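# Architecture at a glance
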Amino acid sequence: MHPTVALVGRPNVGKSTLFNKLTRSRDALVADVPGLTRDRRYGRCQLQGHTVTLIDTGGLFGDDVLSASLTQQTQLAVNEADLVVLLLDGREGVTSADEDVVDYLRKENVTFIPVVNKIDGVGEDQALVEVAQFGFVEPVMISASHSRGLRGLQQAMLTSLEANGLLTADADGADEADREADDDEAGGIRVAVVGRPNVGKSTLINRLIGEERQVVFDMPGTTKDAIDIPFSRDGTDYTLIDTAGVRRKGKVDEITEKFSVVKALQAMERAHVVILVVDATEGVVEQDLHVLQYALDAGAAMVLAVNKWDGLDHTQRDHVQHTVERRLNFIPWVPIQRISALHGTGVGHLFAMVNEVFEAGEFDVTTSLLTRLVRSLVESHPAPSVRGRQIKIKVATRAGAHPPTVLVHGNQLESLPGSYRRYLENGFREALNLVGNPVRIEFRESDNPFGGRRNKLTPRQQYRRDRVIRHRKDRAKKKSRR
């Protein structure tokens, strides 16, 4: 079990920037906007051969409308952590919020390291004078954005953890690449929860894992970043990815929201299964279809969760049911689950559906089965002719999973019309029960074994060829004389 270190402080002191620097990643969304980080984010940090779990938190005791929820999330991180890194802003100096944070940590008897960030542009002596009122003996001076003083901070963290007997050396011979591979494998099934703003994604995440892990508020855009949440259920490992709400490009004006949308799209690309959450009180609207198309382009398997179902009467449910079936008739293979994330209705069945879709996406089939299947499809509905020549489909092989990918070999396959390609996709999906999964088909032309080769003439054939050439030349000369 790795020791845990939480980064805390008032809003906009550089916690997410420091998190990215220490974890050597770009996971945390960073911008010069107070209150951008709202949910706890976990990452791995290396301290001289020791692995430490790092927690990025929202600002404590800020002025944001969500300050109470953010403070609660940060307090949970502090209770979970073995060590707290307290960040102060050396450029702006000490504020009343900083005093509240220090008082809170001391009242809770928390072990913490005081760190003064943003010392670039100001003297260290001036920064020390600002924090002298707290009585810190030797605060660590850093500039996270310029990687200044990070080595001293890592040494201070290492010393504090060793003093409390919390460090254990990593296994010998396990390099960073091996550890990353193990972490990826341990992540289990990656499930991204996506949708428009304020449809209940974070509420669903909290219901799925059984704790108030994400900040929930009745305001669109509460979630700003894509947060990975690993957990286990019934012996199966999952990584839930809570994403920001995706709106149409014309509606996105803040630069931070643009990055939030990019993070959400990236989450769809790396997820095994995408849960698209729609609001039952509004039905399937145009933006839901845009998000759906993003997920299809990313090749992710999909489950549709119609949230807030318990708030509808029978007439409204019939109307929503008809609307969903009508607007999603082009993807009848996507399973639909009606849920209430707030009260937990139908959420248990959602997990069973995710597992079924994931297992189908593993696509564990043999070449012989795929070949028999594609030949049966061609026999039932032959491919059209092109310029009088029949398009030949010969063999099909497995080319990948998540999404299921089939490699089809044949001749003139580039001339196959789009309608016939969709026919093959639907045929594979139906025959192999690939519920919830888009099927990708790649075509490969069969090479001509004699292409580019010239037959070598025998001496007799060469003699005849030369004689024909001489005969034609003689005839041409005779015609020219006439």
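Along each chain, numbering runs from 1 in the same order as the chain's sequence is written. In keeping with the model being predicted, local features are shown solely for residues with a pLDDT of at least 70 and side-chain atom pairs are shown and tallied solely at 80 or more, while totals for entire chains, interfaces and linings include all residues. Just so you know, side-chain values use all the structure's heavy atoms and leave hydrogens and water out.

## Quick word on the confidence of the model for the chain
Let me state the cut-off plainly: A score from 0 to 100, pLDDT tells how confident the predictor is in each residue. What counts as a helix is a DSSP run of H or I of at least four residues, what counts as a strand is a run of E of at least two, and both are numbered from the N terminus. Between two residues, a contact is recorded if the distance between any of their heavy atoms is within 4.5 Å.
Residues with a pLDDT of 70 or more make up 82% of the chain, whose mean pLDDT is 80. Of all helices and strands in the chain, the one with the weakest mean pLDDT is helix H6 (residues 176-186) (46), whereas helix H12 (residues 367-380) scores best (93). Here residues 171-186 is modelled with pLDDT under 50, and outside its nearest four sequence neighbours on either side it reaches seven contacts, counting other chains as well.

## Let's talk about unusual backbone geometry
Residue Pro403 is bonded to the preceding His402 through a cis peptide linkage, with omega at 5°. Topologically, Pro403 is positioned in the loop between strand E15 (392-400) and strand E16 (405-411). At Lys308, a position not held by glycine, the phi torsion is positive, near 60°. Along the chain, Lys308 falls in the loop between strand E11 (301-307) and helix H10 (314-327).

## Quick look at the packing of aromatic side chains
Remark: the centre distance and the inter-plane angle together describe each pair of aromatic rings, the angle taken between the planes. As a reminder, the rule being used: Aromatic rings from Phe, Tyr and Trp, with only the six-membered ring used for Trp, were paired whenever their centres fell within 6.5 Å, and each pair was classed as stacked if the ring planes differed by under 30 degrees, edge-to-face if by over 60, and tilted otherwise. Type-normalised accessible area, obtained with a 1.4 Å probe on protein chains alone, sets the label of each residue: buried when under 20%, exposed when over 50%, and partly exposed for intermediate values. Sitting over a ring, as applied to charges here, requires NZ of Lys or CZ of Arg to be within 6 Å of the ring centre and within 35 degrees of the ring normal.
Scanning the entire structure with this criterion turns up six aromatic pairs. Ring centres of Phe231 and Tyr238 lie 5.6 Å apart, and the angle between their planes is 25°; on these two criteria the pair is classed as stacked. For Tyr238, a relative accessible area of 2% corresponds to the buried category. An aromatic cluster is defined as three or more aromatic residues linked by ring pairs; in this entry it consists of Phe112, Phe134 and Phe136. Note that Arg338 overlies the ring of Trp309, its terminal NZ or CZ placed 5.5 Å from the centroid.

## Examining a negative patch on the surface
Basically, it comes down to this: Here the term patch refers to residues with relative accessible area over 30% and no salt bridge, with like charges joined within 9 Å and nonpolar side chains (Val, Leu, Ile, Met, Phe, Trp, Tyr) within 5 Å. Where accessible areas are quoted, they stem from the Shrake-Rupley method and a 1.4 Å probe; at the residue level, only the protein chains shown are allowed to cover. What makes a salt bridge here is a side-chain nitrogen of Lys or Arg within 4 Å of a carboxyl oxygen of Asp or Glu, nothing more. Neither His nor the chain termini are counted; the positive set is Lys and Arg, and the negative set is Asp and Glu. Note that the charge is assigned to NZ on lysines, CZ on arginines, CG on aspartates and CD on glutamates.
Taken together, the side chains of Glu356, Glu359, Glu362 and Asp364 present a region of like negative charge at the surface. Its place among the elements puts Glu356 in helix H11 (residues 347-362). Using a relative accessible area of 42% as the deciding quantity, one classes Glu356 as partly exposed.

## Description of the side chain of Lys15
The criterion, for reference: Under this definition, polar contacts are N or O atom pairs within 3.5 Å; protein pairs additionally need one hydrogen-donor-capable and one acceptor-capable atom, and for neighbouring residues in sequence, both atoms have to be side-chain atoms.
Its place among the elements puts Lys15 in helix H1 (residues 15-23). Despite being buried, Lys15 has no salt bridge partner; Asp56 is the closest side chain of opposite charge, sitting 6.1 Å away. Looking at Lys15, its side chain comes within polar contact range of the main-chain oxygen of Arg10, at 2.9 Å.

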